[in-house]
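Examination of the molecular architecture
So you can see what is in the structure, the chains are spelled out below.
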Amino acid sequence: MSLVEVEDLGVEFGAVRAVDSVSFTLAPGAALGLVGESGSGKSTVASALLGLHRDTGARVTGSVRVGGVDVAAAGDDELRRLRGGVAAMVFQDPLSALDPYFAVGDQIAEVHRAHSGVSRRAARARAVDVLGRVGIPDAARRARSRPHEFSGGMRQRALIAMALACEPDLLIADEPTTALDVTVQAQILDLLHALREETGMGLLLVTHDVGVAAESVDDVLVMRDGRVVERGGVAQVLGAPREAYTRELLSAVPRVEGSGSGPVPGSGTSSGSGSDSGSGSAAGADDGVGDGGGVGDGGGGGGGDAEGVVDARRAEGVVGDVVVEAEGLRRVFGRGRRAFTAVDGVSLTVRAGETLGVVGESGSGKTTLGRMLVGLLEPTAGQLRHGGAEKPGKGAAPGVQMVFQDPVSSLNPRRSVGESIADPLRARGDRDGDAIRARVRDLMQRVGLDPAHYDRYPHEFSGGQRQRVGIARALAAEPRLIVCDEPVSALDVTTQAQVTALLAELQRELGLALVFVAHDLAVVRQVSDRVAVMRNGRIVEQGPVDEVYGAPQDPYTRQLLAAVPALDPAVAAERRAARAAGAHAVREDGGAAGKELAAA
Amino acid sequence: MTATATATTTSAAARSRGGAAALGGLLGGGFTGFVLRRVLGAVVTLFVLSVVIYAVFYVAPGDVAQITCGPRCSPAQVQQVSEQLKLDDPIHVRYLDFLRGVLVGHDYSTGTSVLHCDAPCLGLSYQTDQQVTELILNKVPVTASLAIGAMVLWLILGVGTGVLSAWRRGRPTERVLTALTLAGTATPVFVIGLLLMILVCGKLQWLPFPQYVPFTDDPQQWAWNLLLPWVSLALIEAAKYARLTRSSMLETLAEDHVRTFRAYGVRERSIVGRHALRGALAPVIALSANDFGSMFGGALLTETLFGLPGLGRELVQAVRVVDLPVVVGMVLVTGFFVVLANAVADVLYAVADRRVVLS
Amino acid sequence: MSEALLASETPGVGATAVPAPASGARQFWRRLRTQRAALAAAAVVALLVLVALAAPLFTALEGQDPTSYHPALVDSARGGVPVGPFGGISSEHWLGVEPQTGRDLFARLVYGARVSLGVALAATVLQVAIGVTVGLAGGLGGRWLDQTLSRATDVMVALPLMVLALALLAVVPGGFPRPVLVALVIGFVGWGGVAKVVRAKTISLKSLDHVAAARLSGWGGVRIARRELLPALAAPVITYAALLVPTNITVEAALSFLGVGVKPPTASWGQMLTSADVWYQAAPQYLLLPAAALFVTVLALTVLGDGVRTALDPRAASRLRVGTLRTRKADTLRTRKPDTLRTRKPDTLRTRKDGS
């Protein structure tokens, strides 16, 4: 008998049909991935398995049976036994998923008691036991800590421990690693894998990240707009997709292996030589899907050393003069014992027409660096020269603009997008209303927006469109440098590809210098000519993309790259083995978390 | 972690937070540092408070000597009062003089004799020449009797109602309770007090018209007489607490971690009673602290209505006869206890929730 | 006291930085219209405002005025009890007359509405003006300005409004009309809550990317405050102000009840209640009418204030209404990347503290 049987499931929120006739089964111990972009209904399906739509006003049709229990027909007690006891859920954001006021161990014990009815003492012992099993060091002591005293990775481990405590037959993981850094993500995925082998529980993994699915599941269900688009073995679906949408989705996924080196004007000739070592074969295998989503320029580039690329491109007039130069930039927040150095002695140079990728995990100081480059933050020490001249005084630097991460907060919700784009024009003193309007319309056209939407407000646009508005606003100031701070991290992968393509196109056309700050190694590789890897406020490695990605010198860079999920399940398994071997040497997350605790 | 977060905000926000960080650096981190910071903050607040109050009452609007002396005083008499109060001295001299009185005591010469006023000296009443500190101390038992009894009642009633309506949300019980609390918030305490007094003491004659009987004299009469003031005050305050408890609990119930416990089959009763109630604790404690401190200004309306000779009625009377030292003293004492109660509540709360220390 | 209540009862205000949609005004009306209780309350408030504005008209209709003594209508032998049944109700005096003085009750009640609403509204306007100025200055100014203003705000929030207002009324000069004075005093002591809300909101707004973008565009501070901050402050300020009005009504009534607020001959509901307990047997309406008027007014304004809050911040309101699980749109989930996640935590902490 199947562990999960979903037949013709439909979920409606008011007039919105979030899930539409979805059917699938999951055998005991099997692992299924639900993959899709935002709004595809994948999380709604996961919630339906536990009957979480009950009493929410959502209309659920079709049948869902989990462990033989008909979820729709189950009584309150039966449903309570099902939740946690048969199928346990791990949520996306491990911080908000735990009660901030109670010790982690107590929360696990409470859940365990709800199912087993054992004594408080026994439940607490059980909590310590499962915390130890998920790799929390010194579990007996840490069980008394509260969620905020845990690092992100440890919190997610604790949530997994909560699931384990109930000994479920099925683990439902809803975007379990989306809120985590890439190295921590790898650890959590490895943990899930190991636990599954150990306990034989089934896994339903909900994710937007095809790579995460490739790492973790046997079968995959691709969803779009509430419907199942394609299903099958993970190798088959990801390796040889049958449906157009799946192909589109896959082609939009940026590859850290450095695929998608489509025809790059200018740099094409001088590239190809040299140091594209290591992952070169993988890149070749993935070729041909790289530019399907319009992933045009900027990716790949070529080999050779930094100066080689720059010289070559400069000779062709693609890379020009130095636009911004930073030397020993430092930024300290707070004072005294609470002082925290976010950026610690960073030096870099960006030339016209080139893209510098700045990659790092959360807390690496990359955003602070970006904000200093545009003058939104004043450096504590160090020098910043724009176009050879020292920046005059405080405040925003001239000729420098920024594209922000959050498409919601980066536009004033109370002003039309046209007015937002016109801001730099008006600020510099333009008074001719018609001319401004005409210029804004041009800019909107240029970034792929309908100029007729001048008077619309941000909430009428999608996330990708809003990022385009942000880009148009930056362009209106006719900058020489645009710092993009995680410009695509809030976007779906297909939208991501379009926005990065647009940025590359604009750069080529206008000879802009770009600084591309992101946590996603693959995206950075796709758009950058050179890349700087940041950790704890310092640049640990800097150089041409292919060199850094192909032959990383710094151990941290290597660790980062090893942690990126591979799209090929076979490669993923290989890497997992390699990570497991490496993990013996370094007790990864536990060690890092310990340090974090000591610092707190 | 705070620092990590700071890194992503703009410079101005970082600068404003830098201040607290600088102070934190001075006083050290951790719990002791937090307590020290909180105490220092309270002291600064009190200082600002005393300066502002002093300035407002002795400088700002009217001619103090004229007001003190009364409307029928001749210019000569006003001049005499002014000299007596040293009103011609510059304000900061007078303030420092006042501050010295609070800290080390003060000697007053009333023409012939010298009157000594002990350490927390808030001056002498214009009306009776009594020490303000003494006057206030005399009234404390009455107000404390009223406040403590009422507070126990309203905490039980208010928080209980709040919990019940959060638990039974969306059901008839909640609707009835919500209507009742709404009515409670819309009724001034003197209206409900008046109506109750007329009904219970006048028409039905179940209770005596309240008269203060000291607890030490006759505990039973003490409680019997205070019952009506307690109930009147508690009913109105309970409405406030019920609203607050309910809204904080519902807010917690909408948080993600509640979803976790639901998804793990934890009973609704336990979710509401443990997790949601815990989330409502902070605002309820904060409000209680504030209200407790405020009580040192007296339950103005309740005391006046029921004729209880407490701090509140004293203040009202002092205001009516413009006895400035008493008025200023009362306001300062109230401020002192409000600030103190808030600081104590913060520290107590930090003991329960160490995350506060981190912020 | 009520400051703390207002602050803590307004979840989301000052804390969340997620903006309301652009077509704010229209959405506001649409959302307000769906709330029956709020609409009824609005109707009551409108009626009260009409009564207050047209008070002379109403009394002219009755043929009385609020200040004339009618010694003939009270029995001085019995201490001033109104002559006639039901406290002297007659075709000339629709609701009877005041004990002792014989002043017309209907006229005094109607003119009382004028005082009550007028004082409360004027005080609210003053509170909002001071609060917004102080809050904005603190939120935008440098560290020392912010620290100083925050301290001052703390003091104002900490001190019981009634105690301070009462004490201030002892020293204010006598020249002014009493209602104006009361409004000024309430206004000057009750701005702390607004300032707190505005400061918190300003600080959270200031860190939003669109403000940074405006800075990069080259705009100066004044323009940024006007274009990017002030419009976003409107919603929380209006919400707060809507809840301040009923509080101010109660405070005015309380001060007048204590005999230090609005004084005779000017009519005020609170002041009418001062001696009402003595007369409840002979003229129960002397007690019940102003009590009922106060109750209805405060209730209507509170319900309307709640409605305004719901209409301005539907997310907070829905949080309060339905506590059961909501499935979140995947969109909001996707935006939470590691960096944003880290930023969230201290924020929620601060909110918790500020909110209380």
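Residues numbered from 1 in each chain as written. Chains lettered and ligands numbered in written order. Predicted model: local features only at pLDDT ≥ 70, side-chain atom pairs only at ≥ 80, totals over all residues. Heavy atoms only, no water.

By the naming in an unreviewed UniProt entry, chain C is ABC transporter permease subunit, taken from Streptomyces typhae. Taken from UniProt, the Subcellular location (unreviewed entry) comment for chain C reads in full: "Cell membrane". Word for word, the UniProt comment on chain C under Sequence similarities (unreviewed entry) is "Belongs to the binding-protein-dependent transport system permease family." (UniProt positions renumbered as here; feature names shortened; annotations may be inferred.)

Looking at an unreviewed UniProt entry, one finds chain A named Dipeptide ABC transporter ATP-binding protein, with Streptomyces typhae as its source organism. In UniProt, chain A has this text filed under Sequence similarities (unreviewed entry): "Belongs to the ABC transporter superfamily."

Digging into the packing of aromatic side chains
Residues and elements named next belong to chain B. Counted according to the given criterion, the structure contains 7 aromatic pairs over all chains. Both rings, one in phenylalanine 47 and one in tyrosine 95, keep their centres 6.4 Å apart while their planes meet at 75 degrees; by these two values the pair is edge-to-face. Here phenylalanine 47 is found in helix 3 (residues 30-58), whereas its partner tyrosine 95 is found in helix 6 (residues 91-104), with 48 residues between them in sequence. Given the relative accessible area of 46%, phenylalanine 47 is considered partly exposed. Judged by centre distance (5.9 Å) and plane angle (35 degrees), the ring pair of tryptophan 154 and tyrosine 241 falls under tilted. Of this pair, tryptophan 154 sits in helix 7 (residues 132-167) while tyrosine 241 sits in helix 10 (residues 219-253), and the two are 87 residues apart along the sequence. On the basis of relative accessible area, tryptophan 154 is assigned to the buried category, the value being 0%. Residue tyrosine 241 is classed as buried on the basis of its relative accessible area, which comes to 0%. Linked through ring pairs, Phe47, Tyr54 and Tyr95 together constitute an aromatic cluster. (Phe/Tyr/Trp six-rings, centres within 6.5 Å; stacked < 30°, edge-to-face > 60°. Helix = DSSP H or I, 4+ residues; strand = E, 2+ residues; numbered from the N terminus. Buried < 20%, exposed > 50% of the residue type's maximum accessible area, 1.4 Å probe, protein only.)

What to know about the sheet that holds strand 4 (residues 58-66) of chain A
Residues and elements named next belong to chain A. Spatially, 2-1-4-5 is the arrangement adopted by the 4 strands of the open sheet, whose pairing is antiparallel. Edge strands, defined here as strands with exactly one partner in the open sheet, are strand 2 (16-26) and strand 5 (69-70). In the sheet, strand 1 (residues 4-13) pairs with strand 2 via 7 bridges, with the strands oriented antiparallel. Paired with valine 4 across the strands is leucine 26, a residue of strand 2. (Pairing = 2+ DSSP bridges.)

As for empty space enclosed by the protein
Residue and element names in this part refer to chain A. Applying the stated rule across the entire model yields 13 cavities of 30 Å³ or more. What the second largest cavity holds in volume is close to 620 Å³. Taken together, 39 residues line the second largest cavity, and the ones lying closest to its centre are Gln185, His208, Asp209, Asp520 and Pro565. Only helix 7 (182-199), helix 8 (210-216), helix 18 (493-510) and helix 19 (521-527) provide two or more residues apiece to the lining of the second largest cavity. Residues that form the lining of the second largest cavity fall into these classes: 19 nonpolar, 10 polar and 10 charged. (1 Å grid on protein atoms, 1.4 Å probe; cavity = no way out; pocket = protein on both sides within 12 Å on 5 of 7 lines; lining within 4 Å. Points joined across faces, edges and corners; volume = space filled by probe spheres on them. Nonpolar A, V, L, I, M, F, W, Y, C, P; charged D, E, K, R; others polar.)

What to know about the pattern of salt bridges
Residue and element names in this part refer to chain A. All chains considered together, the criterion is met by 44 salt bridges over all chains. Residue glutamate 478 pairs with arginine 439 through a salt bridge whose shortest N-O separation is 3.8 Å. Here arginine 439 lies in helix 16 (residues 433-446) and glutamate 478 lies in the loop between helix 17 (463-476) and strand 17 (481-485), a separation of 39 residues in the sequence. Given the relative accessible area of 51%, glutamate 478 is considered exposed. Assessed through its relative accessible area of 29%, arginine 439 is described here as partly exposed. Connected through salt bridges with shared partners, the residues Glu12, Arg17, Asp20, Arg59 and Arg227 form a single ionic network. (Salt bridge = Lys/Arg side-chain N within 4 Å of Asp/Glu carboxyl O.)

Considering the packing of helix 5 (residues 105-140) of chain C against helix 11 (residues 221-257) of chain C
Residues and elements named next belong to chain C. At a minimum axis distance of 8 Å, the contact between helix 5 and helix 11 shows a crossing angle of 145 degrees. The two elements helix 5 and helix 11 cross, and the hand of that crossing is right-handed. By residue class, the composition of the contact of helix 5 with helix 11 is 19 nonpolar, 4 polar and 1 charged. (Axes fitted to C-alpha atoms, helices over the stretch in contact; angles between N-to-C directions. Left-handed = near helix turned anticlockwise from the far one by under 90°.)

Overview of the packing of helix 5 of chain C against helix 6 (residues 143-158) of chain C
All names here are of chain C. The N-to-C vectors of helix 5 and helix 6 enclose an angle of 145 degrees; their axes lie 7 Å apart at closest approach. The interaxial crossing formed by helix 5 with helix 6 has left-handed handedness. Every residue of helix 6 that contacts helix 5 at Val134, Ala137, Gly138 and Gly139 is listed here: Leu145, Asp146, Leu149 and Thr153. Each residue belonging to the contact of helix 5 with helix 6 can be placed in one class, and the counts come to 4 nonpolar, 3 polar and 1 charged. (Contact = heavy atoms within 4.5 Å.)

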